[in-house]
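Observations on the three-dimensional arrangement
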Protein chains: 2
Amino acid sequence: MSATSMRQLAEASCATCRTLANASSDTKNAALRDMARALRADAKSILSANEEDLAEAKAAGRSAAFLDRLALTPARIEAMAEAVEAIVALPDPVGEITERWKRPNGLQVSRMRLPLGVLLMIYEARPNVTSDAAALALKSGNAVILRGGREALRSNGAIARALRLGLISSGLPAEAVTLVTDVAHASLGALLELEGLIDLCIPRGGQGLVKFVHEHARIPVVEHAEGVCHVYVHADADPKKAEDIVLNAKTHRPGVCNAAECLLIDSAVAPELLPRLGSALSSKGVTLKACPIALPLLERSGVEAVPAAPDDFGREFLDLTMAVRVVPDLDAALDHIGRFGSEHTEALVSEDRNTQRRFVREVAASAVVVNASTRFNDGGELGLGAEIGISTSRMHAFGPMGLRELTSQKYVIHGTGQVR
Amino acid sequence: MSATSMRQLAEASCATCRTLANASSDTKNAALRDMARALRADAKSILSANEEDLAEAKAAGRSAAFLDRLALTPARIEAMAEAVEAIVALPDPVGEITERWKRPNGLQVSRMRLPLGVLLMIYEARPNVTSDAAALALKSGNAVILRGGREALRSNGAIARALRLGLISSGLPAEAVTLVTDVAHASLGALLELEGLIDLCIPRGGQGLVKFVHEHARIPVVEHAEGVCHVYVHADADPKKAEDIVLNAKTHRPGVCNAAECLLIDSAVAPELLPRLGSALSSKGVTLKACPIALPLLERSGVEAVPAAPDDFGREFLDLTMAVRVVPDLDAALDHIGRFGSEHTEALVSEDRNTQRRFVREVAASAVVVNASTRFNDGGELGLGAEIGISTSRMHAFGPMGLRELTSQKYVIHGTGQVR
């Protein structure tokens with residue numbers, strides 16, 4: 001029965017936890033280098049496994065975009081190996097002392113990072129997630145169970161094989177990285193119920209996957225909700241910055257979660273600035289869905305726009321479409337964001353210090369951006385080195401999750417015989 | 001229907017979140033002072049409500065210990081008011097910048113604390129939790145839904161009324177602190193399903209309550225499992241410290257979660273030291289349940305002991321009973337703790353630096369204590385100022401939770417027009 005085998009698999013992961021938690025940085029780094037080396041050495045068999053996956057996906061009529069996500073090339077395998085090696089250079093979070101203080105009775109208290117335990121990574125087509133997640137888990141002292149999409153099963157299998165060879169050659173247990181080969185829904189459901197064996201589930205994929213995980217999980221899950229991100233152009237915005245930022249936030253990669261979906265513009269500058277922004281967006285192919293105040297301002301200047309439907313606010317378009325609303329002031333912008341935003345990424349364009357301060361303080365989002373593009377809410381861009389996912393809930397971690405977010409902290413108390 | 005009214009209640013709490021999150025420290029502190037004042041002013045009606053609760057509990061045949069937990073006195077109400085005032089002096093975590101760094105492209109990145117949102121506090125007999133939890137929630141910018149035990153309903157009602165008067169008089173919304181008066185199991189079940197409305201549930205009470213919450217919750221819950229805590233007396237232990245610490249850890253308050261349940265003693269010092277420790281414990285009324293090596297060592301010295309059953313290891317006695325095991329070395333102690341400990345509090349007595357380092361690094365517990373009593377794993381003792389609960393899982397917070405643990409962190413990005 002699949003529930004039993006999933007439990008056994010998780011128990012085997014669990015059994016590696018103490019070894020992984022206590023592995024030195026040198027051991028983990030050596031393993032990462034060995035894993036990268038094994039990926040390169042196995043490139044041929046990884047590519048041929050990938051070819052089989054691709055053939056099947058083509059025969060099943062999957063889209064060109066899907067096939068592109070699934071496809072591996074020698075260059076992509078090299079990039080995977082380099083990404084694993086890049087983790088070597090990141091500081092080891094395990095054992096890090098984050099704070100220390102002294103109590104009046106002489107006790108020395110500190111907080112030290114420790115791994116979470118066993119991670120369950122659930123993802124879809126991209127095979128590189130297999131090696132990325134394994135490397136991040138290992139460096140942060142966690143075991144990982146990898147559950148990729150069924151379409152990438154052979155590719156992921158070949159990659160995981162190489163990764164485990166790397167682990168073994170540096171003396172770490174192969175079960176630290178486990179690929180689930182039973183990709184039935186029932187087995188995923190069984191994994192999601194393994195309270196006490198799996199410490200954190202990180203789903204990375206579309207809303208369907210995220211919803212399934214959330215509904216079935218009895219284990220903690222990193223929430224990854226949609227990104228309904230706004231750019232608020234304030235009365236004191238620098239027009240050039242406003243144009244650059246709005247354009248970039250909307251058009252740089254419209255299909256991702258940190259792309260902007262809605263432009264809020266202050267009524268004081270809308271008559272002058274909105275036509276400029278609208279025309280720039282329009283020239284990049286963006287469809288503007290404008291509120292009743294914005295619409296005539298745009299049309300009067302010859303910028304094409306359509307009336308916004310009520311549900312266009314708070315909507316994640318994920319394409320070249322942008323809702324536009326004119327707001328009277330900062331408070332109205334904050335109200336709009338509080339009501340329609342998804343707490344993912346919110347940006348302000350303003351030169352006014354007070355407005356910046358209030359926006360930063362009052363907006364509840366995993367990233368609050370002042371005078372820069374929403375697209376910077378990303379682990380790499382923020383300097384985390386690598387990211388394993390983005391959390392859109394405030395529990396445990398909020399925003400991009402790097403190595404540190406895969407750890408917890410324990411209190412360490414040093415005394416000289418103190419009692420109560 | 002109770003599910004509908006629980007949803008409405010949570011929606012009303014939720015509606016206060018932005019106001020609370022943006023309230024200044026001054027406003028929150030003024031409200032705390034007003035709440036303390038209102039508790040004192042309403043002492044008479046709180047006491048008479050408590051008398052009714054007590055009468056009912058007595059008639060229902062509740063234990064003396066239960067009645068003592070439930071009972072309020074003028075002194076206890078004064079202590080509640082003082083506890084609320086003590087929160088004024090604690091630093092406001094909201095808006096605190098915890099880190100900042102600069103990216104090569106000039107972006108200034110920082111992390112700023114923000115409240116979690118709506119807390120659900122579930123507790124049993126002690127009415128002082130009502131004011132403690134309300135004060136901690138308010139200072140950390142969170143709304144709180146209080147769901148106390150049915151036996152304390154009138155007392156909690158009178159306390160909550162006073163607290164809300166205090167809130168209103170300082171201009172904050174009364175719905176920031178809401179007491180659930182419908183204490184049916186079904187209404188608790190309904191609250192626990194309010195995903196998206198309640199951000200964190202903190203159950204404080206016996207294992208029955210904790211288990212019910214955990215089984216029914218669709219919202220994040222602070223795990224509070226039992227405390228199976230060990231003291232490991234190493235070969236290089238100072239005998240006097242060992243005696244003081246073992247005695248205190250076991251007998252200071254045997255019924256609490258950070259009391260020790262098991263003594264591990266190194267075989268190198270057991271023949272000499274175990275009789276001394278055993279006799280000290282025994283003279284305090286502790287029943288010793290000894291492993292086959294420890295038993296003759298104790299008996300030979302005239303210390304009474306009984307053989308330990310296999311399930312005495314890993315057991316939370318919560319009374320004057322202690323399991324005793326002789327272990328050959330540090331590795332065996334670490335194995336025992338890894339297998340039988342509950343990741344709550346683990347203590348080492350040793351003067352050897354290397355042993356201390358390994359114990360601190362390798363033991364996974366919310367608090368790892370060197371040469372001090374396990375009883376120091378407590379928010380007050382660690383200097384958190386106050387604690388709302390203890391988390392025994394590594395997600396979000398591990399160990400005692402103070403004001404900071406009731407917050408999350410957002411990324412704040414300041415740019416000068418940067419785009420990708």
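Here the structure is a predicted model, which is why all the values come from computation and not from measurement.

1. Regarding the sheet that holds strand β13 (residues 367–372) of chain B
- Pairing in this open sheet of ten strands is mixed, and the strands run β1(A)-β2(A)-β16(A)-β13(B)-β12(B)-β7(B)-β8(B)-β11(B)-β9(B)-β10(B) from one edge to the other. Each of the sheet's edge strands pairs with one partner strand only, and the pair in question is β1 (97–102) of chain A together with β10 (306–307) of chain B.
- Of the pairings in the sheet, the one linking strand β7 (residues 229–233) of chain B to strand β12 (residues 345–349) of chain B comprises four bridges and is parallel in character. Bridge pairing links V231 of chain B to A347 of chain B in β12 of chain B.

2. Quick look at the pairing of β12 of chain B
Residues and elements named next belong to chain B.
- Most of β12 is tucked away, with five of its five residues classed as buried.
- Judged by which residues are buried, β12 turns out to be covered on both faces: T345, A347 and V349 on one side and E346 and L348 on the other are all buried.
- Taken together, β12, helix α15 (residues 353–362) and β13 constitute a β-α-β crossover, and its handedness is right-handed.

3. So, the interface of chain A and chain B
- If you look at the interface, chain A gives 56 residues, while chain B gives 56 residues.
- Elements represented by at least two residues in the side of chain A that touches chain B include exactly α2 (17–22), β2 (108–115), α11 (239–251), α15 (353–362), β13 (367–372) and β16 (407–418) of chain A.
- Counting residues per element, the side of chain A that touches chain B draws most heavily on β16 of chain A, at eleven residues.
- Its residues placed into classes, the side of chain A that touches chain B shows 25 nonpolar, 20 polar and eleven charged.
- Inspection of the sheet shows β16 of chain A paired to β13 of chain B by five bridges, in the parallel sense. Bridging across to β13 of chain B, V412 of chain A finds its partner in V368 of chain B.

4. A short note on the pairing of strand β12 (residues 345–349) of chain A
- Note: β12 of chain A against β13 of chain A, four bridges, orientation parallel. By the bridge assignment for β13 of chain A, L348 of chain A is matched with V370 of chain A.

5. Here we look at the sheet that holds strand β1 (residues 97–102) of chain B
- On the basis of which strands lie adjacent, the open sheet formed by ten strands has the order β10(A)-β9(A)-β11(A)-β8(A)-β7(A)-β12(A)-β13(A)-β16(B)-β2(B)-β1(B) and mixed pairing. The open sheet has two edge strands, β10 (306–307) of chain A together with β1 of chain B, and neither has a second partner.
- Two strands pair when backbone bridges link them, and strand β2 (residues 108–115) of chain B and strand β16 (residues 407–418) of chain B are joined in this way by eight bridges, in the antiparallel orientation. Bridging across to β16 of chain B, M112 of chain B finds its partner in K410 of chain B.
- Helix-sheet contacts for helix α12 (residues 270–283) of chain A involve β7 (229–233), β8 (260–266), β9 (287–290) and β11 (321–327) of chain A, and the interaxial angle to β8 of chain A is about 160 degrees.

6. Quick look at unusual backbone geometry
Residues and elements named next belong to chain B.
- The backbone of E343 sits at a positive phi, close to 65 degrees, despite the residue not being glycine.
- Mapped onto the elements, E343 comes out in the loop between α14 (330–340) and β12.
- Positive phi values are uncommon outside glycine, yet H396 reaches one of about 70 degrees.
- Of note, H396 is situated in the loop between β14 (389–391) and β15 (399–401).
- Residue H396 is classed as buried on the basis of its 20 C-beta neighbours within 10 Å.

7. Section: the nonpolar core
- With 282 residues, the main nonpolar core has C201 and V233 of chain A together with C201 and V233 of chain B as its most contacted residues.
- Not counting residues within four places of it along the chain, the set of residues in contact with V233 of chain A comprises A242, V246, L263, L264, I265, D266, V269, L273 and V349 of chain A.

8. Considerations on the relation of the copies chain A and chain B
- In the superposition of chain A on chain B (RMSD 0.1 Å, axial shift 0.0 Å), the rotation amounts to 180 degrees. The transformation just described matches what one would write down for a two-fold rotation axis. Ranked by how close their C-alpha atoms come to the rotation axis, the residues of chain A are headed by H396 of chain A, at 1.8 Å.
- When the interface residues of chain A are mapped onto chain B, 100% of them again fall at the interface, so both copies present the same face.

9. Points about the domain arrangement of chain A
- Partitioning chain A into domains gives domain 1 (2–225 + 400–412) and domain 2 (229–381).
- On a C-alpha basis, the centres of domain 1 of chain A and domain 2 of chain A stand 36 Å from each other.

10. Comments concerning the environment of L288 of chain B
- Within the fold, L288 of chain B resides in strand β9 (residues 287–290).
- When the C-alpha positions of L288 of chain B and A323 of chain B are compared, they lie 5.9 Å apart, and in sequence the two are 35 residues distant.

11. Digging into helix α6 (residues 74–88) of chain A
Residue and element names in this part refer to chain A.
- The end-to-end C-alpha separation of α6 is 22 Å, in line with the 21 Å expected for 15 residues at 1.5 Å each.
- Here α6 has its buried residues at I77, M80, A81, V84 and I87. Buried residues of α6, viewed axially, fall in a sector of 110 degrees; they line one side. Pointing more than 90 degrees away from the buried face of α6 are the exposed residues P74, A75 and E82.
- Turning to α6, the residues buried within the fold contact α3 (25–41), α4 (43–59) and α7 (128–139).

Thresholds applied
- Residues numbered from 1 in each chain as written.
- Chains lettered and ligands numbered in written order.
- Predicted model: local features only at pLDDT ≥ 70, side-chain atom pairs only at ≥ 80, totals over all residues.
- Pairing = 2+ DSSP bridges.
- Helix = DSSP H or I, 4+ residues; strand = E, 2+ residues; numbered from the N terminus.
- Buried ≥ 20, exposed ≤ 12 C-beta atoms within 10 Å, placed from the backbone.
- Right-handed = clockwise from strand over helix to strand, strands pointing away.
- Contact = placed C-beta atoms within 7 Å.
- Nonpolar A, V, L, I, M, F, W, Y, C, P; charged D, E, K, R; others polar.
- Axes fitted to C-alpha atoms, helices over the stretch in contact; angles between N-to-C directions.
- Core = buried A, V, L, I, M, F, W, Y, C linked by C-beta atoms within 7 Å.
- Least-squares fit on C-alpha atoms with pLDDT ≥ 70 in both.
- Domains from an automatic or database assignment.
- Expected span 1.5 Å × (residues − 1).
- Arc of directions from axis to C-beta.

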